[in-house]
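Chain by chain, the residues run as shown.
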Amino acid sequence: MSTSDSRAAGGTSRRRRGPRTWLAALPLLVFTGLCFGIPLGAMAFGAVTRTDRASGATRLTGEHLARSLQGPYLGSLVGSVQLSALTALVGGVLGVVIAQAVVTSRSKGLRSAALTASGVLANFGGVPLAFAFIATVGISGVVTQLADLGSLGWSLYSFTGLTVVYLYFLIPLMVLVIAPALDGLRPQWREAAQSSGATGWQFWRHVGLPVLAPSLLGGFVLLFGTAFAAHATAAALVGGSVPLVTLKIADALSGNVLTGQENVALALGLDMILIAGLVMAVYLPLQRRSARWLR
Amino acid sequence: MAAMNTPAPPARAVPPGELRADDRTDGPARGNSPVPVPAPASAPPARQGRGARRPGIWRGAVLALAGVYFLGPLLASFVFTVHVPGRGITFEAYGELLSADGFTESLLLSLGLAAATIALSLLLAVPALVAVRIGSPRLRPVVEVMCMLPLVVPPIALVTGITTVLRWGPEHLSRTPLYQTFIAVQNEKFPVVLVLAYTVLALPFVYRSLDAGMRAVDVPTLAEAARSCGASWPYVVLRVLLPNLRASLAGAAFLTLALVLGEFTIASLLGFRPFAVWIVSISGAQARMSVAVSILSLLITWLLLIALSRAGTAPATAAAAPATPSRKES
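### Observations concerning the overall build of chain B
The number of helices and strands found in chain B is 14 helices and 2 strands. Here chain B, with 330 residues, has 51% of them falling under the buried criterion. Sequence separation of at least 24 residues holds for 75% of the intrachain contacts in chain B that already meet a minimum separation of 6. A total of about 15100 Å² of accessible surface is found on chain B, and carbon and sulfur atoms cover 67% of it.

Shown next as structure tokens:
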């Protein structure tokens, strides 16, 4: 261990400091253990056990998890995954196009304005966003009235409507994630390709996209996770008309369904964490890999 | 807000100042670039001319469409709040806000929660991160994982766990002193349980902001220098390290403030009524006012975040200058 070497070499001051600095990190670790670990543990425990009200006995059961993967609950999980995948795909593509437009622009002002705006918009979601869209393209929204969208069959309170709203914070997120990668595409590479007679398409097919691939995939996964976890926007917007797992959990928790469903909510929470964990497990290595090109 | 869309990297993940400014000229556009790029002599001029025009057009179209999509809803919502069909332009929705039932209470509650969350998260994270930098590098991965894990857990999943734990109070602990704690934590006036939950949600952002700040100022060297001048440990942290970390502390605080002001999921499911929950609760009866408040809260959050991104670029210059403790103290 390197620390024991340096202790031997560094004299007494290091030996005294070691344990004390360790103590300074303790409150953080204790706090996360208590306020994050215990709720998560309770959730996982509740998801796989059943407590008999009369006797108070607790036994292990896979019933809740099984029920969370059936009927309307499964439908909500599938709905969430579909919405997240669609919005991540569309948001990813549009984000790349916008980022490319900004990155290749010669105007420094445009560039910094666009990146600052992206940073701000990507952090924006939830209730105010939902209301801004209701006022714009909701039933009596300004644009709905002006363009008579209602007669065209437009509804904000639908799968399509949610997609349009989610893109509002997903596209800027993609711009933020992908702009450094696009910057990493050296103009020399394109020149090299051009002077060896490659067309624009060939450059992207054989140089651009392979270099960008990890960043693109990482961005997609990040967008997916963000859309998957979003709840407030959907709650303020559609209530229950679109099946989403976050809305189902909220329903079950606030007692809008039969009693005894709380454990199914816990099981759904566990399902969500598993999916989100999977997403992160894909994202982190990709991010590390894409960092290689950005020097 | 940020909490709902959990893994969003904080706004400062890509501060404009850090992006490479040197080699980002597009191939075709390089002729007019101020950056001297060795242009290959073989490229025929005619082709360059054609290439330079096309990207200009598609870039303009893309940016214009993006502008419409991102500015449209904001303009439309503003029109929605001031234009009442049949009565013309009126600013009533904004004027009635201050006297609206619950507005002040919920706003004050949110601000109080934000202040407590910022204080708690910084008190927990700063000592831990300093310790990890200076004396216990082996703890570093542990601290990092602990701080970043909340990103993997959607807030709504965290809430299911919290409600389960809160139910233990009445069910199992009613004869122990712990029960009083459970009651106190859920006080309507100031729900401590929300502060605890928000601190968990804020930790990833606080960690990233502080970690980036500490990377820029070489904490061990500063601390060694101050120590060898005879400074005590509290003095080192309070008078030497923290002033150097001002920008990233401010960044962490701003992000946390924005997060708490916009948070809806946890508060509404636990039955409390801070700002975001209040907006939803009035939306049925007073649609115009709820949109007006949304616009205002957006503007406030954006100003905060823009201020943050300014603060985020400032330390680049501050950090570039050799930061000796003696100079910072004067």
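### Some thoughts on the pattern of salt bridges
All names here are of chain B. If you walk through the whole model with that rule in mind, you get 4 salt bridges over all chains. Between D211 and R133 there is a salt bridge, with its nearest N and O atoms 2.9 Å apart. Note that D211 is positioned in helix 7 (residues 192-217) and R133 in helix 3 (residues 103-134), a separation of 78 residues in sequence. The exposure class of D211 is buried, given its relative accessible area of 8%. One connected set of salt bridges, linked through shared partners, spans R133, R140, D211 and R215.

### Some details on the environment of A:V279
Residue and element names in this part refer to chain A. Position of V279 among the secondary structure elements: in helix 13 (residues 262-291). Sequence spacing of V279 and L223 is 56 residues, and the spatial spacing of their C-alpha atoms is 9.9 Å. Excluding residues within four positions of it along the chain, V279 makes contact with V221, F224 and G225.

### Observations concerning the side chain of B:T256
Here B:T256 lies in helix 10 (residues 246-262). In contact with B:T256, not counting residues within four places along its chain, are B:T117, B:I118, B:A202 and B:V206.

### As for helix 8 (residues 219-228) of chain B
Residues and elements named next belong to chain B. Of the residues making up helix 8, those classed as buried are V219, L222, A223 and A226. Taken end-on, helix 8 shows its buried residues confined to a sector of 95°, consistent with a single buried face. G230 lies just past helix 8 and shows a positive phi near 95°.

### Considering the nonpolar core
Generally speaking, nonpolar side chains in soluble globular proteins are found buried as a group. A:L162, A:Y166, B:V143, B:I266 and B:W278 are the most contacted members of the largest nonpolar core, which totals 178 residues. Ranked by residue count, the leading element in this core is helix 8 (residues 159-184) of chain A, at 16 residues. Not counting residues up to four positions away in its chain, the partners in contact with B:W278 are B:L97, B:A100, B:D101, B:G102, B:F103, B:S106, B:R273 and B:V293.

### Describing the packing of aromatic side chains
Tallying each qualifying case throughout the model produces 11 aromatic pairs over all chains. Centre to centre, the rings of A:F133 and A:Y168 are 5.5 Å apart; their planes meet at 85°, and the pair counts as edge-to-face. With A:F133 in helix 6 (residues 126-137) and A:Y168 in helix 8, this residue pair connects regions lying 35 residues apart in the sequence. For the pair A:F133 and A:Y168, a shared accessibility class is recorded, and that class is buried. A ring pair is formed by B:F103 and B:F275, whose centres lie 6.0 Å apart and whose planes are at 65°; its orientation type is edge-to-face. With B:F103 in helix 3 and B:F275 in helix 12 (residues 275-283), the pair connects residues that are 172 residues apart, well separated along the chain. The structure contains a cluster of three or more aromatic residues connected by ring pairs, namely A:F133, A:Y168, B:Y69 and B:F70. A cation over an aromatic ring shows up here: B:R288 above the ring of B:F80, its NZ or CZ 5.2 Å from the ring centre.

### A few points about the environment of B:A64
Tracing the sequence through the fold places B:A64 in helix 1 (residues 45-82). Between the C-alpha atoms of B:A64 and B:P137, which are 73 residues apart in sequence, the distance is 49 Å.

### Digging into the environment of B:T199
Note on placement: B:T199 falls in helix 7. Under the relative-accessibility criterion, B:T199 is labelled buried at 0%. Considered as a pair, B:T199 and B:F254 are 55 residues apart in the sequence and their alpha carbons are 13 Å apart. Beyond its immediate stretch of four places on either side in the chain, B:T199 contacts A:F31, B:T117, B:L120, B:S121 and B:L124.

### A closer look at the side chain of B:S297
Considering the arrangement of structural elements, one finds B:S297 in helix 13 (residues 287-320). Relative accessible area serves as the criterion here: at 13%, B:S297 is assigned to the buried category. A polar atom in the side chain of B:S297 sits 3.1 Å from the backbone oxygen of B:S294. Beyond its immediate sequence surroundings of up to four residues, B:S297 is in contact with A:P128 and B:F275.

### Let's talk about the confidence of the model for chain A
Residue and element names in this part refer to chain A. Residues with a pLDDT of 70 or more make up 85% of chain A, whose mean pLDDT is 79. No element of chain A has a lower mean pLDDT than helix 1 (residues 2-10), at 43, and none a higher one than helix 4 (residues 71-103), at 89. Segment residues 1-18 is flagged for pLDDT under 50; beyond a separation of four residues in sequence, or across chains, it makes 9 contacts in the model.

### A word on the packing of helix 4 (residues 140-148) of chain B against helix 7 of chain B
All names here are of chain B. Look at helix 4 against helix 7: their axes get within 7 Å of each other, and the N-to-C directions meet at 140°. Relative to helix 7, the element helix 4 is oriented oblique. Contact with helix 4, carried on its side by R140, V143, E144, C147 and M148, involves L203, P204, Y207, R208, D211 and R215 of helix 7 and no other residues of that element. Looking at the contact of helix 4 with helix 7 residue by residue, the class counts come to 6 nonpolar, no polar and 5 charged.

### Considering a nonpolar patch on the surface
Together, A:W22, A:L23, A:L26, A:V30, A:L34, A:I38 and B:W168 line one region of the surface with nonpolar side chains, adding up to about 610 Å² of accessible area. Of all the elements, helix 2 (residues 12-48) of chain A adds the most residues to the nonpolar patch, at 6 residues. Topologically, A:I38 is positioned in helix 2. Using a relative accessible area of 33% as the deciding quantity, one classes A:I38 as partly exposed.

### Notes on the packing of helix 3 of chain B against helix 10 of chain B
All names here are of chain B. Orientation of helix 3 relative to helix 10, taken along the N-to-C sense of each, is 140°, at an axis distance of 9 Å. Taken together, the axis directions place helix 3 and helix 10 in an arrangement best described as oblique. Between helix 3 and helix 10 lies a crossing whose hand is right-handed. Counting all contacts with helix 3, which are made through S110, L111, L113, A114, T117, I118, L122 and V126, the residues of helix 10 involved are L249, A252, A253, T256, L257, V260 and L261. Residues belonging to the contact of helix 3 with helix 10 are distributed by class as follows: 12 nonpolar, 3 polar and no charged.

### Some remarks on the confidence of the model for chain B
Residues and elements named next belong to chain B. On average, chain B scores 73 in pLDDT, and the residues at 70 or more come to 74%. Of all the helices and strands in chain B, helix 14 (residues 325-329) carries the lowest mean pLDDT, 26, while helix 3 carries the highest, 90. Confidence over residues 1-52 falls short of pLDDT 50; this stretch has 110 contacts with residues more than four positions distant or in other chains. Long-range and interchain partners of residues 315-330, a stretch whose pLDDT sits below 50, account for 16 contacts in this model, where long-range means more than four residues apart.

About the criteria used
- Along each chain, residues carry numbers from 1 onward, in the same order as the chain's sequence is written.
- Each chain takes a letter, starting from A, and each ligand takes a number, starting from 1, following the order in which they are written.
- Given that the model is predicted, a residue must reach a pLDDT of at least 70 before its local features are reported, and side-chain atom pairs must reach 80 or more before they are shown or counted; all residues, however, enter totals for whole chains, interfaces and linings.
- The side-chain figures draw on all heavy atoms in the structure; neither hydrogens nor water molecules are used.
- The numbering of helices and of strands both runs from the N terminus, where a helix is a DSSP run of H or I of at least 4 residues and a strand a run of E of at least 2.
- Three exposure classes are used, based on accessible area relative to the maximum for each residue type with a 1.4 Å probe and protein chains only: buried under 20%, partly exposed in between, and exposed over 50%.
- The contact rule is simple, with two residues in contact once any of their heavy atoms fall within 4.5 Å.
- All accessible-area figures derive from a Shrake-Rupley calculation using a 1.4 Å probe, and residue coverage is judged against the displayed protein chains alone.
- Any Lys or Arg side-chain nitrogen found within 4 Å of a carboxyl oxygen on Asp or Glu counts as a salt bridge.
- What the arc describes is the spread of directions from the helix axis to the C-beta atoms.
- We define a nonpolar core as any set of buried Ala, Val, Leu, Ile, Met, Phe, Trp, Tyr and Cys residues linked to one another through side-chain atoms lying within 4.5 Å.
- Stacked, edge-to-face and tilted are the three classes for Phe, Tyr and Trp ring pairs, Trp counted by its six-membered ring, which pair at centre distances within 6.5 Å; planes under 30 degrees apart are stacked, over 60 edge-to-face, the rest tilted.
- Lysine and arginine charges are scored as sitting over a ring when NZ or CZ, respectively, is within 6 Å of the ring centre and within 35 degrees of the ring normal.
- Pairs of N or O atoms within 3.5 Å make up the polar contacts considered here, provided that, within protein, one atom can donate a hydrogen while the other can accept it, and that residues adjacent in sequence are counted only when both atoms are side-chain atoms.
- In predicted models, pLDDT denotes the confidence assigned by the predictor to each residue on a 0 to 100 scale.
- Where helices are involved, their axes are fitted lines through C-alpha atoms of the stretch in contact, as for all axes, and angles between N-to-C directions lie from 0 to 180°.
- An angle counts as roughly parallel when it lies under 35 degrees, as roughly antiparallel when it exceeds 145, as roughly perpendicular when it falls between 65 and 115, and as oblique in every other case.
- Three residue categories are used. Nonpolar comprises Ala, Val, Leu, Ile, Met, Phe, Trp, Tyr, Cys and Pro, charged comprises Asp, Glu, Lys and Arg, and polar comprises the others, including Gly.
- Put simply, a patch holds well-exposed residues, over 30% relative accessible area, that have no salt bridge, with like charges counted together within 9 Å and Val, Leu, Ile, Met, Phe, Trp or Tyr side chains within 5 Å.
- Handedness of a helix crossing follows the sense of rotation of the near helix relative to the far helix, less than a right angle counterclockwise being left-handed and clockwise being right-handed.

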